[in-house]
Amino acid sequence: MSAEAADREAATSSRPCTPPQTCWFEFLLEESLLEKHLRKPCPDPAPVQLIVQFLEQASKPSVNEQNQVQPPPDNKRNRILKLLALKVAAHLKWDLDILEKSLSVPVLNMLLNELLCISKVPPGTKHVDMDLATLPPTTAMAILLYNRWAIRTIVQSSFPVKQAKPGPPQLSVMNQMQQEKELTENILKVLKEQASDSILVLEAALTLNKDLYVHTMRTLDLLAMEPGVVNGETESSPAGLKIKTEEMQCQVCYDLGTAYFQQGSANSAIYEKAREKFFRTKELISEIGSLSLHCTIDEKRLAGYCQACNVLVPSSDSTSQQLTPYSQVHICLRSGNYQEVIKIFIEDNLTFSLPVQFRQSVLRELFQKAQQGSEALDEICFKVCACNTVRDILEGRTISVQFNQLFLTPNKEKIDFLLEVCSRSINLEKASDSLKGNMAAFLKNVCLGLEDLQYVFMISSHELFITLLKDEEQKLLIDQMRKRCPRVNLCIKPVTSFYDIPASASVNIGQLEHQLILSVDPWRIRQILIELHGMTSERQFWTVSNKWEVPSVYSGVILGIKDSLTRDLVYILMAKGLHCSTVKDFSHAKQLFAACLELVTEFSPKLRQVMLNEMLLLDIHTHEAGTGQSGERPPSDLISRVRGYLEMRLPDIPLRQVIAEECVAFLLNWRENEYLTLQVPAFLLQSNPYVKLGQLLAATCKELPGPKESRRTAKDLWEVVVQICSVSSQHKRGSDGRVSLIKQRESTLGIMYRSELLSFIKKLREPLVLTIILSLFVKLHNVRSVDFEAVAITVKELVRYALAINPGNHSWLLIQADSYFANQYSAALHYYLQAGAVCSDFFNKTVPPDVYTDQVIKRMIKCCSLLNCHTQVAILCQFLREIDYKTAFKSLQEQNSHDAMDSYYDYIWDVTILEYLTYLHHKRGETDKRQIAIKAIGQTELNASNPEEVLQLAAQRRKKKFLQAMAKLYF
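All values derive from a computational prediction rather than experimental measurement.

Moving on, we come to the packing of helix α36 (residues 689–703) against helix α37 (residues 712–725). Two packed helices can be described by the angle between their axes and the distance between those axes. Interaxial distance between α36 and α37 falls to 8 Å at its minimum, and their mutual angle equals 145 degrees. The handedness of the crossing between α36 and α37 comes out as left-handed. Counted together, L693, L696, L697, A699, T700 and E703 of α36 and R712, T713, A714, D716, L717 and V720 of α37 form the full contact between these two elements. Grouping the constituent residues of the contact of α36 with α37 by class yields seven nonpolar, two polar and three charged.

Structural data, given as structure tokens:
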């Protein structure tokens with residue numbers, strides 16, 4: 001079954017979530033008064049409500065004589081209902097803007113699928129396989145409408161949605177909402193799977209050079225009477241509402257542009273396609289005019305897209321034009337020129353040209369980079385935040401939480417910079433009284449929050465401060481400072497505060513909410529919430545900060561708590577605890593979780609188990625980040641709790657997958673192989689893929705010392721990994737009869753997806769387990785069913801992770817070298833040499849033969865050859881068990897060698913190679929180089945009459961010096 005057919009079936013088997021109103025509905029159905037009703041100036045019910053009602057009635061399931069629920073019958077009444085819904089949509093001229101705004105995804109999906117059916121789109125046929133140019137106009141237009149809606153829905157689903165405030169909980173309404181949510185998610189999943197096909201269909205539509213037609217109420221009536229009358233018409237005798245080619249292309253270009261723009265976050269090169277489509281849309285709008293009846297595009301939004309594309313993908317002639325502030329900021333961020341960003345932001349504080357949202361997004365990007373380990377960005381983050389804060393206060397907004405956090409520990413540099421920003425952000429000669437008042441209030445508030453009088457004096461003695469504050473305000477400040485600190489020197493410029501008037505209730509609530517956001521003390525959080533609930537009973541304080549995130553599997557249970565104070569407290573304690581755990585503030589996380597556990601134990605066994613599970617995960621993280629790093633084994637109690645979690649079989653307990661993942665990784669890291677292999681309950685192996693994978697890895701670790709014939713588990717592990725990394729291919733037969741590959745998708749046969757496997761592996765640090773996994777991935781390149789490129793990328797990522805744990809593991813270094821061997825020969829040599837160095841004390845000892853095998857040496861030879869280092873090739877040929885004279889002689893014949901040539905002759909111990917060099921230089925007339933080769937042959941330790949031990953010692957000494965020289969060259 002095709003994706004469209006599956007989608008259609010999913011939609012038609014559902015019911016829209018709108019209560020029936022049968023009185024007017026039956027009247028319209030029986031009396032055929034639909035058209036008359038729609039012609040009313042303000043019809044009640046509205047057209048979109050009619051669509052919902054018609055489709056709801058048509059999709060009602062039936063009940064047979066045995067009281068069994070059956071799918072909706074395909075009878076005359078239901079066909080008429082679907083036709084009426086289509087006629088209402090035709091009355092609205094199939095305007096997707098109107099339909100999307102008023103209809104849910106399931107209802108609109110059902111409507112468009114009915115349009116496809118009545119337009120004679122063959123069921124089970126992929127739209128991408130149909131030639132739009134040869135289809136009847138209404139059929140082609142139906143396909144375009146469906147695929148335009150599919151792309152628009154995918155794009156719309158990627159936007160953040162503000163959650164509506166929940167009303168009084170009603171079980172029936174909540175069930176309906178949950179059903180619609182699940183159905184929407186299923187439809188979105190199907191649409192995303194076929195997104196690439198929809199894009200191809202729309203791209204093909206841009207090549208059409210004919211007008212299209214969309215069904216009207218008249219053509220739908222004709223279809224209902226005689227199906228072949230309209231849809232069988234040819235291009236020369238079309239019927240329906242005419243859509244000009246330019247109008248169709250304009251809408252399609254815009255929708256494709258939004259789709260490409262959304263995909264650009266994952267692949268920046270796609271932004272170029274988005275830019276092309278948006279600018280083509282602008283051209284078409286100028287051609288057809290902005291008052292087109294059938295082409296409705298938000299030109300402000302289009303202008304925003306074009307501006308964003310200009311920033312992300314500057315045009316080739318942009319250098320000749322003056323860059324916009326957006327482009328300047330974007331270029332500075334990419335080049336790391338953060339000081340220029342700060343300069344632009346300060347200048348913008350005078351002009352207010354950059355939107356506040358854009359400035360905030362720049363700060364968020366810098367915060368993310370700083371959190372990833374770039375400590376140098378901490379100062380930049382403060383400066384950008386200070387610039388944004390000054391902009392906020394000038395426009396009358398409140399001070400952000402980020403600024404208060406960054407200013408918790410003020411110093412002279414921060415004060416100096418803040419004063420500089422304030423001075424450069426206001427023109428005192430031209431500024432309005434409101435701007436001056438906002439700036440003065442900000443400076444007074446900053447002073448009020450400072451404890452160190454030295455910093456207070458820095459601000460109060462600044463020229464800007466003196467200019468903005470009147471004498472009366474300065475006297476008021478003196479009084480306030482005297483109250484706060486009796487020893488204040490009254491000669492200094494005083495600290496200022498808000499005017500001495502009683503704070504309103506809204507101000508008190510705002511202050512308490514601010515404290516609630518900053519506090520990590522469970523007792524203080526409880527006290528603040530009690531005060532807040534005493535002030536108002538209408539607010540849900542768990543929504544105060546959008547940074548408070550609780551996993552979706554938990555939020556449903558927590559938000560179901562009836563008492564609002566308890567609900568807020570449980571939600572906030574858990575959200576803050578999870579955040580503290582994420583930032584590795586384990587002590588505060590433990591306090592918050594312990595308080596939450598004590599609270600929920602009183603009324604909810606389900607939430608009590610949830611908190612016990614989260615505290616287990618916290619204890620695992622605490623041990624791994626603490627004593628576990630030094631190799632200290634975890635306490636037996638912790639291991640027992642981990643086992644108990646995996647074996648837990650409590651019904652209806654919401655579980656997070658990451659906890660099971662961490663528990664299995666924990667057992668593997670601490671070599672609990674006996675438990676994973678022999679003691680894990682059988683039901684766990686069937687129900688938990690991570691336990692299954694952990695059992696196979698543990699068993700393979702136990703089998704490795706034994707003979708190869710007994711390693712049955714290793715074969716099972718290999719099959720599991722192959723299934724996870726396999727891809728399924730889709731083929732298309734062309735007009736010439738040839739079959740070509742058109743798409744590869746990740747197979748669903750594995751116990752988990754490749755991304756989930758990669759995430760799990762990155763929680764492991766046991767060397768043997770990591771070596772087994774890496775070895776399996778390296779062998780995957782010989783399996784035809786896997787995506788080789790994806791596996792190659794995964795191998796590089798895993799080796800980087802493994803080497804970050806243990807940079808001295810020679811087997812991992814060899815795998816890293818092999819991954820670069822395909823096309824980065826210098827890097828490959830670097831890691832081959834590093835692998836030898838770590839296991840030989842930088843070549844002062846002999847490199848073990850199982851490290852520098854003949855295969856490794858041959859790969860090093862090939863790298864040197866491709867780098868035109870031919871003398872190095874000849875020397876490495878001696879390292880093989882049987883010296884490769886043919887390759888050595890051939891390399892020495894090369895005259896464009898990029899290495900030091902004769903300076904390497906002291907590293908050759910094979911006399912045959914040295915004699916060949918003597919002959920070669922004599923033949924070329926290179927007397928000086930011939931003498932160097934003769935001198936090398938003449939060394940007594942290379943005399944063939946010497947004992948074997950002497951010859952081997954001479955070879956080892958030259959190997960050591962050569963490899964050390966190579967290491968200095970490539971390290």
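What follows covers the environment of N669. Tracing the backbone shows N669 in helix α33 (residues 657–669). Residue classification places N669 among the buried residues on the basis of a relative accessible area of 3%. A C-alpha to C-alpha distance of 4.9 Å links N669 and E766, two positions 97 residues apart in sequence. Setting aside residues up to four positions removed in sequence, N669 forms contacts with E624, K763, L764, R765 and E766.

Turning our attention to the pattern of salt bridges. Side chains that differ in charge, positive against negative, can pair when their charged atoms come close. Throughout the structure, instances matching the rule amount to 32 salt bridges. A salt bridge links R765 to E624; its shortest N-O distance comes to 2.8 Å. You can see R765 sitting in the loop between α38 (754–761) and α39 (767–779) and its partner E624 sitting in helix α31 (residues 605–625), a full 141 residues away along the chain. Judged by relative accessible area, which is 27%, R765 ranks as partly exposed. The structure contains a network of salt bridges with shared partners spanning D348, R359, R391, D392, E395 and R397.

We now examine helix α41 (residues 810–820). Counting along an α-helix, one turn takes 3.6 residues, and residues three or four places apart therefore face a common direction. Burial analysis of α41 places eight of its eleven residues in the buried class, the great majority of the element. Restricting attention to buried positions, one finds in α41 the residues W812, L813, L814, I815, Q816, A817, S819 and Y820. In this structure, the buried residues of α41 make contact with α39, α40 (788–805), α42 (825–838) and α43 (854–866).

Criteria and thresholds
- Numbers given to residues run from 1 along each chain, matching the order in which its sequence is written.
- Predicted model: local features are reported for residues with pLDDT of at least 70 only, side-chain atom pairs are reported and counted for 80 or more only, and whole-chain, interface and lining totals are derived from all residues.
- The basis for every side-chain value is the complete set of heavy atoms in the structure, and neither hydrogens nor water enter the calculation.
- To obtain an axis, a line is fitted to C-alpha atoms, over the contacting stretch when the element is a helix, and the angle between two such axes runs from 0 to 180 degrees between their N-to-C directions.
- Secondary structure counts use DSSP, requiring at least four H or I residues in a row for a helix and at least two E residues in a row for a strand, with both numbered from the N terminus.
- Handedness of each helix crossing follows the sense of rotation of the near helix against the far helix: counterclockwise by less than a right angle gives left-handed, clockwise gives right-handed.
- Any two residues whose heavy atoms approach within 4.5 Å are treated as being in contact.
- The nonpolar class holds Ala, Val, Leu, Ile, Met, Phe, Trp, Tyr, Cys and Pro. Asp, Glu, Lys and Arg form the charged class, and all remaining residues, Gly among them, are polar.
- Each residue's exposure class comes from its accessible area (1.4 Å probe, protein chains only) as a fraction of the maximum for that residue type: buried when under 20%, exposed when over 50%, partly exposed otherwise.
- Definition used for salt bridges: Asp or Glu carboxyl oxygen within 4 Å of a side-chain nitrogen of Lys or Arg.

All we've got here are geometric facts, nothing functional implied.
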